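Take a look at the letters that make up each chain.
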Amino acid sequence: MPQTSERTAVFTESVIRRMTRVANRYDAINLSQGFPDFEPPSALVAALAETAGTGPHQYAVTWGAPNFREALAAKQSRFMGVPLDPDRHLVVTCGSTEAMMVAMLTACNPGDSVIVFSPFYENYGADVILSGARPIYVPLRPPDFAFDPGELRAAFRQGPKALILCNPSNPSGKVFTREELLAIAALAEEFDAFVITDEVYEHIVYAPHRHVYFAALPGMFDRTICVSSLSKTYSITGWRLGYVIAAPAIIDSARKVHDFLTVGAAAPLQEAAVTALKFQDDYYAQLLDAYTRKRDVFLSGLDDAGLRYTAPQGAYYVMVDVSEFTRDDDVGFCEWLARDVGVAAVPGSSFFHEPVGHLIRFHFAKREETLAAAGERLKRLRDRWRSPRM
Ligand SMILES: Cc1ncc(COP(=O)(O)O)c(C=O)c1O
């Protein structure tokens, strides 16, 4: 038999998506893979139903249907404070997952290096390998997940082609401050690197923290490749609608990569999603209120269970310190937690380059009653841990 490619041998199957299967096996409350258990906005569901009758049902323009790009450019210009031209600054993709791959293939030649902060969203590891690049990891050290400016400079000295910036951050919940972003910007300029931003949680930033768009920093638009999506903002992770925003010269290349990867995002879903892109500011305020309440419910469940964690500043994840139970077997711990306590989490080691085995990640994009039920189960964690284990 012929062998499959070497590049597929050097990364593993997604641990996050495997934990969803573990959760299903044990009928656990699934706080591993980050997707909501509540419905998207009703206006959006109605628009989808209408689109089923009216279409379009054939390919859209490969880099995005014109009405979708117009609505997206208007919405993002408003939030980013940067004027965006729907015909020159955007590529619509199949989720930000494709957008990140497009960004990597657009920015990097095989053999280039890319700075990745660790812990990182696990897709970046595979994205870097698939694009033939080499990661340079820079630690964000728990519990506050700050970077050391000296370590970052040393990484830039290695001549990376790009830095991947996940802000707000999955898994840490960190929201980079303007000062931190300006420090990254200064290094990107000095060492002439792209900054590829993943901003899928741009609208989920808890007070008093604020989201600063890297592309909007002085002089940064031309070297930023902004990746984001509609998945989290409108609770439609299954619609697979994402995008790249960048300067026209970058977009010209990105369109070609996207065209040959997927041809385009689903035309009827782009049509229906125009409704969401036209939502007014109150939608985003309500979204944030809802997530702030979810965060409060879940964190108070963790408090009641006596678990230590870093309170997230943004996104919908929380890293919990389980060093009192294990320091090096977070994978075994998460399997036990799903089976014996009935709550599924992701082992923190799947996000870290460094050997970190005492953290696990929960997500709280769930109904408040689901989160309260998870809190109740977690209260039993210690008793279950003390009882004899198989
Ligand atoms: C940081 C981050 N980026 C990207 C994605 C994937 O998003 P999409 O549905 O847009 O592909 C996720 C999903 O969990 C994520 O957490």
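Residues numbered from 1 in each chain as written. Predicted model: local features only at pLDDT ≥ 70, side-chain atom pairs only at ≥ 80, totals over all residues.

Colleague: Quick question: what am I supposed to make of the nonpolar core here?
Modeller: The tendency in soluble globular proteins is for nonpolar side chains to be buried as a group. One finds Ala103, Ala162, Ile164, Val195, Ile225, Val244 and Val343 to be the most contacted residues of the largest nonpolar core, which totals 122 residues. Ignoring any residue separated from it by four or fewer positions in sequence, one finds Ala103 in contact with Ile196, Ile225, Val227 and Val244. (Core = buried A, V, L, I, M, F, W, Y, C linked by C-beta atoms within 7 Å. Buried ≥ 20, exposed ≤ 12 C-beta atoms within 10 Å, placed from the backbone. Contact = placed C-beta atoms within 7 Å.)

Colleague: Got a minute to help me understand the site of the ligand in this structure?
Modeller: The environment of the ligand is formed by 13 residues, the closest being Gly95, Ser96, Thr97, Ser229 and Ser231. Considering every element that reaches the shell around the ligand, the biggest residue donor is helix α4 (residues 95-107), with 3 residues. When its residues are assigned to classes, the shell around the ligand shows 3 nonpolar, 9 polar and 1 charged. (Near = placed C-beta within 6 Å. Helix = DSSP H or I, 4+ residues; strand = E, 2+ residues; numbered from the N terminus. Nonpolar A, V, L, I, M, F, W, Y, C, P; charged D, E, K, R; others polar.)

Colleague: Is there a simple way to think about unusual backbone geometry in this case?
Modeller: Only a minority of non-glycine residues have a phi that is not negative, and only a minority of peptide bonds are not trans. The linkage connecting Pro142 with the following residue, Pro143, adopts the cis geometry, with an omega of 5°. A cis amide bond links Asn167 to the next residue, Pro168, at an omega of -10°. Checked against the element boundaries, Pro168 lands in the loop between β5 (162-166) and α7 (178-190). Phi is positive for Asp27, which is not a glycine, with a value near 55°. Assignment of secondary structure puts Asp27 in the loop between α1 (15-26) and β1 (29-30). Residues other than glycine seldom take positive phi values, yet Phe145 does so here, at roughly 60°. Considering the arrangement of structural elements, one finds Phe145 in the loop between β4 (134-139) and α6 (149-157). On the neighbour-count criterion, Phe145 (20 C-beta atoms within 10 Å) is buried.

Colleague: Just checking my understanding: could you explain α1 for this structure?
Modeller: One full turn of an α-helix is made of 3.6 residues, so residues set three or four places apart face in the same direction. Here α1 spans 17 Å end to end across 12 residues, near enough to the 16 Å set by a 1.5 Å rise per residue. Of the positions making up α1, those classed as buried are Ile16, Met19 and Ala23. Each buried residue of α1 lies within a common arc of 50° when the element is viewed along its axis, so the set occupies one face. In α1, the exposed residues that point more than 90 degrees away from the buried face are Arg17, Arg21, Asn24 and Arg25. Looking at the packing, one finds that the buried side of α1 touches β1, α11 (330-341), β11 (343-344) and β12 (346-347). Backbone geometry just after α1 places Asp27 at a positive phi near 55°. (Expected span 1.5 Å × (residues − 1). Arc of directions from axis to C-beta.)

Colleague: Would you take a moment to explain the domain arrangement of the protein chain for this structure?
Modeller: Domain annotation for the protein chain reports domain 1 (6-40 + 282-382) and domain 2 (59-279). Look at where the C-alpha atoms of domain 1 and domain 2 centre, and you get two points 24 Å apart. Contacts between domain 1 and domain 2 engage 34 residues on the former and 35 residues on the latter. If you list the elements that add at least two residues to the side of domain 1 that touches domain 2, you get α1, α10 (281-304), β10 (317-321) and β13 (359-363). At 7 residues, α10 tops the list of elements feeding residues into the side of domain 1 that touches domain 2. Across the side of domain 1 that touches domain 2, the residue classes break down as 22 nonpolar, 8 polar and 4 charged. (Domains from an automatic or database assignment.)

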